[in-house]
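Structural features, examined
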Amino acid sequence: MASAAETNTRDEASNNSEAAPDAIVVRFAGDSGDGMQLTGGQFTLSTALAGNDLATFPDFPAEIRAPQGTLFGVSAFQINFGSREINTAGDAPDVLVAMNPAALKVNLPALKSGGLVIVDTGEFSKRNLDKAKYDANPLEDDTLAKYDVLAFDISELTIQAVEPFGLGKKDALRSKNMWTLGLALWMFDRPREPIHNWLKQKFAKKPDIADANIAALDAGHAYGETAELAGPRSGAMRQTNMPPVDSEPGLYRTITGAESISLGLVAGAQLAELPMFFGGYPITPASAILHHLARLKEYGVTTFQAEDEIAAICAAIGASYAGSLGVTSSSGPGIALKTEAMGLAIMTELPLVIVNSQRGGPSTGLPTKTEQSDLYQAVYGRNGDAPMPVIAARSPGDAFECAIEACRIAVKYMTPVMLLTDGYIANAAEPWKVPDPSSYEPFPATFLTEKNGETLLPYARDEKGARPWIKPGTPGLMHRIGGIEKAQGTGHIDYAPDNHQAMTDARKHKVLGVTVPEQEVSLGQKGGKLAVVGWGSTFGPIHQAVRRMRAKGCDVSHIHVRHIWPLPANLGDLLNSYERVLVPEMNTGQFKTVLRDQYLVDAEPLTKTSGQPFQIAELEDAIGKYFDGIEGNEGGQVPVNDQQLPNLSAGYDSGSSKDMD
Amino acid sequence: MNAPAKIETTLKDWETDQEVRWCPGCGDYAILKAVQRTLPQLGVDPANTVFISGIGCSSRFPYYMESYGFHTIHGRAPALATGVKLANPELNIWLVTGDGDGLSIGGNHMMHVLRRNVDMQIMLFNNEIYGLTKGQYSPTSRVGTPSPSTPRGSVDAPANPCAFALGSGARFVARGFDVSKNLPDVLKAAHAHRGAAFIEIFQNCIVYNKDVFDDFAAPKGAEDRQLWLEDGKPMLFGSEKSGGVKGLALDTETLAFRVVDVPDGDWESAGVRVHNAKNRVTAHLLAELPFGPYPMALGVLYDDPAPTFSDSVIAEHEAASKGKEANLAKLLGTGQTWTVDGTAQDPV
Ligand SMILES: Cc1ncc(C[n+]2csc(CCOP(=O)(O)OP(=O)(O)O)c2C)c(N)n1
Ligand code: SF4
Ligand SMILES: [Mg+2]
């Protein structure tokens, strides 16, 4: 997390039952029509305002309008917040809010034993129980015996609260999520005012709806304050006050990966002193970047919703050719379509940033779930020897830095660059210390304005191996480029064997020569028994797992690689300083293969492809095996953990991941 | 097209030092010359002119033009050119594509560049064959075309490029052929049109589809088989010498053209229609006139400008940015923010 020092050594999850917890995991779950993402989002805001560090994980069905009350229509939002550094959305929730039987059924297995369940009894009708495939009412048998339960008729209480506004029953019930949010605000001693303000703003044109929602929120809050709320285990519903985390002073906001990539691209274009052209085609979870940028026209951003991903990248290449910073973004299947055009950008040596928000694959795969399985595609996935720099963001906030870095490399080296993020980073929110844009080193683009030789040499190379950027419209510099192999220097068509050899080498060396910062050790030190090497969004769980294992005395370090291609120059040396190297990734072992190939190190895979992020606990287990003395008992695959987060959404790619509110 | 200051050039100024690599006798040579002859007459600046092509024999065209040029990938030139135009609307863009490039692999992009009305001249070299890949039949090949991939003749119905263009919403649709002396006029009309100007140019592939257009393009009997359209002029073809002047009249019963004899040059009494290039309905009829019973409609079938994509994008850009300041520092700190001591700030 951006907000706290890296040196914090306390544990991630609140697993110490004696002391007051320093972190709590809450999951809001309901039907996708219940507005759980909104509830979660506003709860996140109040948490941030309270000065806690946090991480969130929204998890919603692929279907826009899944049938009401069904198991696959369940939408959930998990938040982990605390008075110390938080890196992940948390393994198992301490508190589960279940707005209907289906939400309870899907999410209960994840709840920590002894955790608190809050349910809306108004939704536990025979019909809804049937839809959730409950044979008996779980509120009446021993299903919830292991937990603290607070069950009350939130539906009815909401209807009562909004009665003065004369809404129909259906409309009245839409405020249920605000009632629940009000209760949650009370539980964690949070002010209601920011949410009041937000509601007034959101419903500025419908003041009675705003008032009804505010009334519901206040009623939920008052319920917590006044009602007799002790569960079967005493003190189930105490007010908990989570003190703020120690963080650097400054201005903060919450940010999702999609927002920070968009802002990073805008910043990158400004640092390059170029207008930005963004070509995109809607696809989950990449669309959000197109949506954000479409609202930033005053920053010199032109967004173009193309007819397909191929057109989107081709238009971006055309814009780069004409002197803008071309950017395109998609997710695995769309990136596959762009592949041929990436080759064209590599051949014509034009700057281009390609953002890949990875999702579960192959094909349509798991559109709304997360995976890191496009690494081969990014590094190797093109015809011909087609080298391209690849950068991977580790968190929503980090994506901002990575986007700037991608723009820098693209412009300085005249090359396409791929920026890898994933569905988790795109959607998750974290507090972000707002950076000062003037603190970044500018990298202004330069254009050739006069002949660079006796005759024009569009493929002459500078000391970095980059060719000049020549805008059409420049007098006297007319020339032709294209995907056919071209002669060194002049750029004329040239199929000669020596020339192709020389140009292949030149393209390769240019990319390998990209300046990449030295690889640092995120936690631990160079050398020792075990290095856990990660990349991308696994940063949080790996970091916390390594921290815990170090606290238990294990000699383990965490290395997190941002520059996937070219790799940092010292990485081989660093990896070889450890006895063992473990590479956890959400694929079947792709980065592991790259590391083995590049360094002949015996990198061992730890893989997971369930569409869900790693849990800290499963990583701890895997690390632990290196220290229990059993030879050959390390690495392997993390078993599918159905209980981690709801994962019942199957079916078609709706192209959207919208929660209906 | 935006035509800033006129620039004096000659045909030679538009030639490159690159060896032209088409087969001897290929229709592409004639088109290249026609373009190189036309551009000086338009007074356009080579530095401001960009030829963008896909892949195919025809798509080698940019290498032979002394202007800016981009030989892209198969079928995608319209998309790439759209990005070029949006990034620099001042550029004068000529798109070069083939029947395979523009209507097969790139059919989707062709449709969208036309419907968006991106300001450029689109020259589709229709030789009814895949030249570069050695002669397979193409989406415009006539039924029964024998080719390496259709040894007993093709069986699928061909697409009609001009009808496709009109169906896609094109605002300028014209036709010419490689060796026609009228081709420069067609190119000039396309250049004069602001917006996407679609020109189908029949082109003889002497190696793989030799002389397929001779039925209307051969000099002998051309008058009877070619209807050259001129806006505001009656639609006449044939001559006294060749057996009588004829014209197209509209049959209001069948909503179709019919060929009528025009004795003594009195086309009005014969009911011959005057070509109105702004009439979209007759443009469709002309594009689809079955050749044989009817002549081949050539020249400008349709020309009715509409707002161009880059103009609309710029207008939208200006409207959306109006009164807004581009302050990145402020943008980064936008939304619901707080300081570390937990003080809420108003949403900016
Ligand atoms: C992605 C891709 N698929 C196939 C090809 C092979 N190819 C090159 S040109 C061509 C057809 C060209 O036909 P047309 O557009 O009619 O151009 P012509 O050569 O006839 O001028 C094909 C199939 C290619 N270059 N790229
Ligand atoms: S193959 Fe046909 S189209 Fe291609 S250059 Fe030869 S004659 Fe021209
Ligand atoms: Mg062809």
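Calculation criteria
Residues numbered from 1 in each chain as written. Chains lettered and ligands numbered in written order. Predicted model: local features only at pLDDT ≥ 70, side-chain atom pairs only at ≥ 80, totals over all residues. Near = placed C-beta within 6 Å. Helix = DSSP H or I, 4+ residues; strand = E, 2+ residues; numbered from the N terminus. Nonpolar A, V, L, I, M, F, W, Y, C, P; charged D, E, K, R; others polar. Buried ≥ 20, exposed ≤ 12 C-beta atoms within 10 Å, placed from the backbone. Contact = placed C-beta atoms within 7 Å. Pairing = 2+ DSSP bridges. Right-handed = clockwise from strand over helix to strand, strands pointing away. pLDDT = per-residue confidence, 0-100. Axes fitted to C-alpha atoms, helices over the stretch in contact; angles between N-to-C directions. Expected span 1.5 Å × (residues − 1). Domains from an automatic or database assignment.

Identification of chain B as 2-oxoacid:ferredoxin oxidoreductase subunit beta from Qipengyuania atrilutea is taken from an unreviewed UniProt entry.

Looking at an unreviewed UniProt entry, chain A carries the name 2-oxoacid:acceptor oxidoreductase subunit alpha, with the source organism given as Qipengyuania atrilutea.

**Quick word on the site of ligand 1**
Residue and element names in this part refer to chain B. Taken together, 17 residues sit near ligand 1, with Gly56, Gly98, Gly100, Asp101 and Gly131 positioned nearest. With three residues, helix α3 (residues 99–105) is the single largest residue contributor to the shell around ligand 1. Taken together, the residues of the shell around ligand 1 sort by class into six nonpolar, nine polar and two charged.

**Examining the environment of valine 84 of chain B**
Checked against the element boundaries, valine 84 of chain B lands in helix α2 (residues 77–87). Look at valine 84 of chain B and you get buried, because 29 C-beta atoms sit within 10 Å. Sequence separation of valine 84 of chain B and tryptophan 228 of chain B is 144 residues, and the distance between their C-alpha atoms is 34 Å. Setting aside its immediate chain neighbours within four residues, valine 84 of chain B contacts Gly318, Ala319, Tyr321 and Ala322 of chain A together with Val50, Ile52, Leu91 and Ile93 of chain B.

**Here we look at the pairing of strand β19 (residues 578–585) of chain A**
All names here are of chain A. Summarising burial for β19: six of the eight residues are buried, a large majority. In the sheet, strand β16 (residues 528–535) pairs with β19 via four bridges, with the strands oriented parallel. For alanine 531, the partnering residue across the bridge sits in β19 and is valine 581. Bridge count for β19 against strand β20 (residues 603–607) is five bridges, and the pairing is parallel. Across the sheet, the residue bridging to valine 581 is alanine 603, located in β20. Regarding topology, helix α19 (residues 590–599) serves as the crossover connection from β19 to the parallel β20, and that connection is right-handed.

**Brief notes about the confidence of the model for chain B**
Residues and elements named next belong to chain B. This prediction gives chain B a mean pLDDT of 95; 97% of its residues lie at or above 70. Confidence drops under a pLDDT of 50 for residues 342–348, and excluding neighbours within four residues, the segment shows 15 contacts in the predicted structure. Scored as a complex, the prediction yields pTM 0.90 and ipTM 0.97.

**Section: the sheet that holds strand β12 (residues 337–339) of chain B**
The three strands lie next to each other as β14(A)-β7(A)-β12(B), forming an open sheet whose pairing is antiparallel. Here the strands that pair on one side only, and so sit at the sheet edges, are β14 (429–433) of chain A together with β12 of chain B. For this sheet, the mean angle separating the axes of adjacent strands, direction not counted, is 35°. Alignment of strand β7 (residues 251–256) of chain A against β12 of chain B, held across three bridges, turns out to be antiparallel. Residue leucine 251 of chain A lies in a different strand from β12 of chain B, and its bridge partner there is threonine 339 of chain B. Sheet strands in contact with helix α9 (residues 257–271) of chain A are β7 and β14 of chain A, and its direction is about 110° off that of β7 of chain A. Docked against the sheet, helix α14 (residues 396–413) of chain A engages β7 and β14 of chain A, running at close to 60° with respect to β14 of chain A.

**Let's talk about the interface of chain B and chain A**
If you look at the interface, chain B gives 51 residues, while chain A gives 61 residues. Among the elements of the structure, β2 (68–71), α2, α4 (107–116), α11 (309–321), α12 (328–332) and β12 of chain B are those that each provide at least two residues to the side of chain B that touches chain A. Looking at which element gives the most residues to the side of chain B that touches chain A, the answer is α2 of chain B, with eight residues. Of the residues contributing to the side of chain B that touches chain A, the split by class is 26 nonpolar, 20 polar and five charged. The pairing of strand β15 (residues 480–482) of chain A with β2 of chain B spans three bridges and is classified as parallel. When the bridges of β2 of chain B are listed, arginine 480 of chain A appears paired with glycine 69 of chain B.

**A look at the site of ligand 2**
Ligand 2 sits among Trp22, Cys23, Cys26, Asp28, Cys57, Asn127, Gly131, Cys205, Ile206, Val207 and Tyr208 of chain B. Taken together, the residues of the shell around ligand 2 sort by class into eight nonpolar, two polar and one charged.

**Some words on α14 of chain A**
At 3.6 residues per turn, the α-helix brings residues three or four places apart onto the same side. Residue and element names in this part refer to chain A. Compared with an ideal rise of 1.5 Å per residue, which puts 18 residues at 26 Å, α14 spans 26 Å between its outermost C-alpha atoms and is within 8% of the ideal. A large share of α14 lies buried, amounting to 17 of its 18 residues. Trailing α14 by a residue or two, methionine 414 shows a phi angle of about 50°, which is positive.

**A look at the domain arrangement of chain A**
Interface size is often expressed as the accessible area that is lost when the parts come together. All names here are of chain A. Each domain of chain A was delimited in the assignment, giving domain 1 (23–236), domain 2 (254–439), domain 3 (446–515) and domain 4 (521–625). Of note, the centres of domain 2 and domain 3, computed from C-alpha atoms alone, are 25 Å apart. With 17 residues of domain 2 in contact, the opposing surface of domain 3 contributes 16 residues. Of all the secondary-structure elements, those providing two or more residues to the side of domain 2 that touches domain 3 are α12 (332–348) and α14.

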